[in-house]
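# A structural walkthrough
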Amino acid sequence: MGKYSNEELQQKSVKYRLAMLKYIKMAKAGHTGGDLSSTDILNVLYNDVLNVSPANFGDPNRDRYIQSKGHAVEALYVVLADQGFYPETDLETMCKYKSPYVGHPTRKVNGIEFNTGGLGHGLSICAGLALAAKKDKAPYRVFTLIGDGELAEGSNWEAGMMASHYELDNLVAVLDHNTLQITGKNADVCNPHPIDEKWKAFGWQVVTVNGHNIAELREILNNTPIEKGKPTFVIANTIKGKGVSFMEGEKKWHHGVPTDEEYETAIKELESELI
Amino acid sequence: MNIKDILITGKANLQAYCDTLLELAADDPNIIAVTSDSRESGKLTPFADKYPNQIVEVGIAEQNLVGVSAGLASTGKKVFTTSPGCFLATRSLEQVKNDVAYSDYPVNLIGISAGVSYGALGSTHHSLHDVAALRAINNMTIVVPADNFETKEAIKAAAVSPKPFYIKIGKKNMPHLHAENETFIIGKASTILEGADVAFIACGETVYPTVEAAQLLNKEGISARVISMHTIKPLDADVIIKAAKECKAFISVEEHSINGGLGEACASVILEAGLSVPFKRMGIPDEETVAGSQTEILEHYGISASGLSDEAKRLIKQLKHLTNEKYELK
Ligand SMILES: Cc1ncc(C[n+]2csc(CCOP(=O)(O)OP(=O)(O)O)c2C)c(N)n1
Ligand SMILES: [Mg+2]
């Protein structure tokens, strides 16, 4: 058990979602749906799993987190602020002229390892990092977060084949499986299913979790590798827009920015979950 | 147009593209749009609703997108492959090079939300290198239309051409710079304004601030020629040479890196013709691009009415210094 109880982490998720909406509203831009679906995963990674902090960010043995679905950057910005990488109020400049906090992750922002945003890059980068750890006999683990629409990029499958070939069991890919992309349902756009069997066939250990269940996420993400010699593929079943009922499962919130009225409604709903 | 004309805003060139494609598809079942989860960003949803059998969706997979497009085009289909310029031009560069350009199949690559249209989304989403990469590929025609008219004409020309095209368009509403009955020829630049003191050779969404700069300069008694170099390849060398000979200064303007784009293409033509003229490339310099909206980014790098007119005056002064010619600014 880490620093926080499950209940404390659940409360953090609510606060993160509130902050994301606040800065998206200020910036008049953001990938709202995919931020909200990945919030609990990022929360558990940074508060319970990764040995990453502002203090050890220069340490070569720190764990690595590369956000392949870079568009959910508002979620990452809010969580990194909470970890102390920068004051949260910095995010008031998000997407504004000369701000380092642009709409996709860049290394200009403290705590970010790679510039991502073009989809389908994270897993290859992580395979390289994981391979380096093996070569250097370094203890760190490598995590990435991939979107389910993003899975169509062939580079994921190239890295997938290579990672099992090199037995990169220090590598964990989390799939934010919210079933939606911009055009609509993954299954209607370019069917990725069966996802689990495909990754198994690629030599990965595959597990499925409820991506909004803090306890389940902690249990899985703190106990990798599940099988020695195999990279781990975590299918996190999530809901796009999670936490704001009128956004949940609606494709228009992929990069929708709430109106004043919608914003008030969303904030009220989230605040009602604060203890 | 005339120097005193008030600019009237039209629709986005992206919208002009989609409207034209709808028109073309009305009597041509051979028109096919190919998308990579990009039909909404590409405003192609009405097209998809009207012609569900004429849109192919490949998912977020731009390399597959271009390969599939080449396969479709090889059977005689008129393929309009539509995806953000940043991904389309270089994520799929190998497919563009081998499957489309070298194999010589007429895929029309439509790079949408190009340049810094996605301003605040950051550099991963900017296409400031597409023209540079594609200029080096034999058999690619590259068009960067300035307004709705040029966009429509370029799309119509691409639809009947047996050659591959890359057409780069943005998503901001653009003022009309042409009358509907003007002629438009791929490879022949359009003169938007006549002038002899300074020549602006611009393309795409930067033609419009260039026209505004010319209007500012006109008030100070400086006449600016504005050329819309909509076709970057094949380049209209005659217009460039004429401008370099007739004007006191030469400024290229583009929403692209100053490396490898329109400006360098113009410089090559001028030098190879044995000419010399005070010259400046206006574009995005070789540095980490500043954050901001499209307009903020362009203004930051001097691509605005005031930035461009200041640059023109600076170059004209430089000429005065070089030649001791008596050229007074009013
Ligand atoms: C290479 C590349 N192609 C296209 C895009 C544009 N794009 C951004 S987000 C997105 C949809 C992503 O869907 P998914 O992976 O399911 O993400 P999520 O649902 O978690 O937001 C697309 C097509 C991109 N960022 N990068
Ligand atoms: Mg998704």
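Please read these numbers as outputs of a predicted model, since none were measured by experiment.

## A closer look at the overall build of chain B
In terms of regular secondary structure, chain B is built from twelve helices and 14 strands. Referenced to the eigenvectors of the C-alpha coordinate spread, the extents of chain B come out at roughly 65 × 35 × 35 Å. The long-range fraction of contacts in chain B, counting pairs at least 24 apart against all pairs at least 6 apart in sequence, stands at 77%. Taking the average place of the 31 positive charges on the side chains of chain B and the average place of its 40 negative ones, the gap between the two points comes to 4 Å.

## Regarding the coordination of the magnesium ion (ligand 2)
The reference angle at a metal is 109.5 degrees if four donors form a tetrahedron and 90 or 180 degrees if six donors form an octahedron. Residues and elements named next belong to chain A. Looking at the magnesium ion (ligand 2), the protein donor atoms are Asp148 (OD), Asn178 (OD1) and Leu180 (O), and they sit 2.1 Å from it. Donor residues for the magnesium ion (ligand 2), ordered by position in the chain, follow D-x29-N-x1-L. With Asp148 in the loop between β2 (142-147) and α5 (154-165) and Leu180 in the loop between β3 (171-177) and α6 (186-190), this pair connects stretches of sequence that are 32 residues apart.

## Concerning the environment of Thr90(B)
Residue and element names in this part refer to chain B. Checked against the element boundaries, Thr90 lands in the loop between α4 (85-88) and α5 (93-102). Counting along the chain gives 129 residues from Thr90 to Lys219, while the straight-line C-alpha distance between them is 42 Å. The residues touching Thr90, leaving out its near neighbours within four places in the chain, are His129 and Ala133.

## Some remarks on helix α1 (residues 13-26) of chain B
Over its 14 residues, α1(B) runs 20 Å from end to end, which matches the ideal 20 Å to within 8%, given 1.5 Å per residue. Looking only at α1(B), the buried set comprises Asn13(B), Leu14(B), Ala16(B), Tyr17(B), Cys18(B), Thr20(B), Leu21(B) and Ala25(B).

## Observations regarding the site of ligand 1
In the vicinity of ligand 1 there are 23 residues, among which Lys69(A), His71(A), Asp148(A), Lys240(A) and Glu62(B) approach most closely. One finds residues of chains A and B in close proximity to ligand 1. Between ligand 1 and Lys69(A) there is a distance of 2.7 Å, counted from an oxygen atom to a side-chain nitrogen or oxygen. Between Asp148(A) and ligand 1, the recorded distance is 2.7 Å, taken from a side-chain N or O atom to an oxygen atom. Each residue belonging to the shell around ligand 1 can be placed in one class, and the counts come to five nonpolar, ten polar and eight charged.

## Quick notes on the pairing of strand β11 (residues 224-228) of chain B
Residue and element names in this part refer to chain B. Where burial is concerned, most of β11 is hidden: five out of the five residues are buried. Residue alternation in β11 divides its side chains into two sets, Ala224, Val226 and Ser228 and Arg225 and Ile227, and both sets are buried. In this structure, strand β9 (residues 190-193) lies alongside β11, joined through three bridges in antiparallel fashion. Pairing of Ser190 across the sheet is with Ser228, part of β11. Pairing analysis gives five bridges linking strand β10 (residues 198-202) to β11, with the strands arranged parallel. Note that in β11 the partner of Ala202 across the bridge is Ser228. For the crossover from β10 across helix α8 (residues 207-219) to β11, the handedness is right-handed.

## Remarks on the interface of chain A and chain B
Taken together, the contacts link 27 residues of chain A with 23 residues of chain B. The junction of chain A with chain B conceals about 2,100 Å² of combined surface from both sides, 54% of it contributed by carbon and sulfur atoms. Together, Tyr97(A), Glu153(A) and Thr183(A) form the three largest contributors to the area buried by chain A at its contact with chain B, with a combined 27%. In this assembly, chain A and chain B are joined by three salt bridges. Of the charged contacts in the structure, one is a salt bridge between Arg91(B) and Glu153(A), with a shortest N-O distance of 3.3 Å. The tally of links between chain A and chain B comes to 13 residue pairs in polar contact (both at pLDDT 80 or more). Looking at the side of chain A that touches chain B residue by residue, the class counts come to eight nonpolar, 13 polar and six charged.

## Re the sheet that holds β3(A)
All names here are of chain A. Ordered by their spatial adjacency, five strands build an open sheet running β1-β2-β3-β5-β4, and the pairing between neighbours is parallel. The outermost strands of the open sheet, each flanked by one partner alone, are β1 (64-67) and β4 (205-210). The mean inter-strand angle of the sheet, taken between neighbouring strand axes irrespective of direction, is 20°. Where β1 and β2 come together, four bridges link them in parallel fashion. Residue pairing for β2: Arg64 is matched across the bridge by Val142.

## Observations regarding the domain arrangement of chain B
By convention, interface size is frequently given as the accessible area that disappears when the constituent parts associate. Residue and element names in this part refer to chain B. Domain annotation for chain B reports domain 1 (3-175) and domain 2 (190-323). Here the C-alpha centre of domain 2 lies 25 Å away from the C-alpha centre of domain 1. With 38 residues of domain 1 at the contact, the number on the domain 2 side is 35 residues. Both faces considered, domain 1 and domain 2 share a buried interface measuring about 2,600 Å² in area, 58% of it formed by carbon and sulfur atoms. When the buried surface of domain 1 facing domain 2 is broken down by residue, Ile3, Leu128 and Arg135 rank first, second and third, together holding 27% of it. At the boundary of domain 1 with domain 2, the tally comes to zero salt bridges. In this assembly, domain 1 and domain 2 are joined by 20 residue pairs in polar contact (both at pLDDT 80 or more). Those elements that provide at least two residues to the side of domain 1 that touches domain 2 are α6 (130-135), β6 (141-143) and β8 (173-175). In terms of residue count, α6 provides more of the side of domain 1 that touches domain 2 than any other element does, five residues in total. Class assignment of the residues belonging to the side of domain 1 that touches domain 2 gives a composition of 18 nonpolar, twelve polar and eight charged.

## Quick notes on helix α8 (residues 214-221) of chain A
Working note: α-helix, 3.6 residues per turn, so residues spaced by three or four point in the same direction. If you check which residues of α8(A) are buried, you get Ile214(A), Leu217(A), Arg218(A), Ile220(A) and Leu221(A). The opening residue of α8(A), the one whose side-chain oxygen lies 3.0 Å from the backbone nitrogen of Ala215(A), is Asn213(A).

## Section: the packing of aromatic side chains
Residues and elements named next belong to chain A. Counted by the stated rule, this structure contains 15 aromatic pairs over all chains. Aromatic pair Phe246 and Trp253: ring centres 5.6 Å apart, planes at 70°, arrangement edge-to-face. Here Phe246 falls in the partly exposed class, since its relative accessible area comes to 29%. One cation-aromatic arrangement involves Arg62 over Phe57; the distance from NZ or CZ to the ring centre is 4.9 Å. The ring centre of Tyr140 lies 4.3 Å from the NZ or CZ of Arg64, which sits over that ring.

## With respect to the packing of helix α4 (residues 122-136) of chain A against α5(A)
Packed helices, taken two at a time, are described by their axes: the angle between them and the distance between them. All names here are of chain A. Taken N-terminus to C-terminus, the directions of α4 and α5 make an angle of 20°; their axes are 8 Å apart at the nearest point. Between α4 and α5, the crossing angle belongs to the class labelled roughly parallel. For α4 against α5, the interelement crossing comes out left-handed. In contact with Leu123, Ser124, Ala127 and Leu131 of α4, α5 contributes Ser155, Asn156, Ala159, Gly160 and Met162. Looking at the contact of α4 with α5, its residues break down into five nonpolar, four polar and no charged.

What counts, and where the lines are drawn
- Residues numbered from 1 in each chain as written.
- Chains lettered and ligands numbered in written order.
- Predicted model: local features only at pLDDT ≥ 70, side-chain atom pairs only at ≥ 80, totals over all residues.
- Heavy atoms only, no water.
- Helix = DSSP H or I, 4+ residues; strand = E, 2+ residues; numbered from the N terminus.
- Contact = heavy atoms within 4.5 Å.
- Lys, Arg positive; Asp, Glu negative; His and termini not counted.
- Charge placed at Lys NZ, Arg CZ, Asp CG, Glu CD.
- Donors = N, O, S within 2.8 Å, 3.2 Å for Na, K, Ca; no water.
- Expected span 1.5 Å × (residues − 1).
- Buried < 20%, exposed > 50% of the residue type's maximum accessible area, 1.4 Å probe, protein only.
- Near = heavy atom within 4 Å.
- Polar contact = N/O pair within 3.5 Å; in protein donor to acceptor, adjacent residues only side chain to side chain.
- Nonpolar A, V, L, I, M, F, W, Y, C, P; charged D, E, K, R; others polar.
- Pairing = 2+ DSSP bridges.
- Right-handed = clockwise from strand over helix to strand, strands pointing away.
- Buried area = accessible area lost by both parts, 1.4 Å probe.
- Salt bridge = Lys/Arg side-chain N within 4 Å of Asp/Glu carboxyl O.
- Axes fitted to C-alpha atoms, helices over the stretch in contact; angles between N-to-C directions.
- Domains from an automatic or database assignment.
- Phe/Tyr/Trp six-rings, centres within 6.5 Å; stacked < 30°, edge-to-face > 60°.
- Lys NZ or Arg CZ within 6 Å of the ring centre and 35° of its normal.
- Parallel < 35°, antiparallel > 145°, perpendicular 65-115°, else oblique.
- Left-handed = near helix turned anticlockwise from the far one by under 90°.

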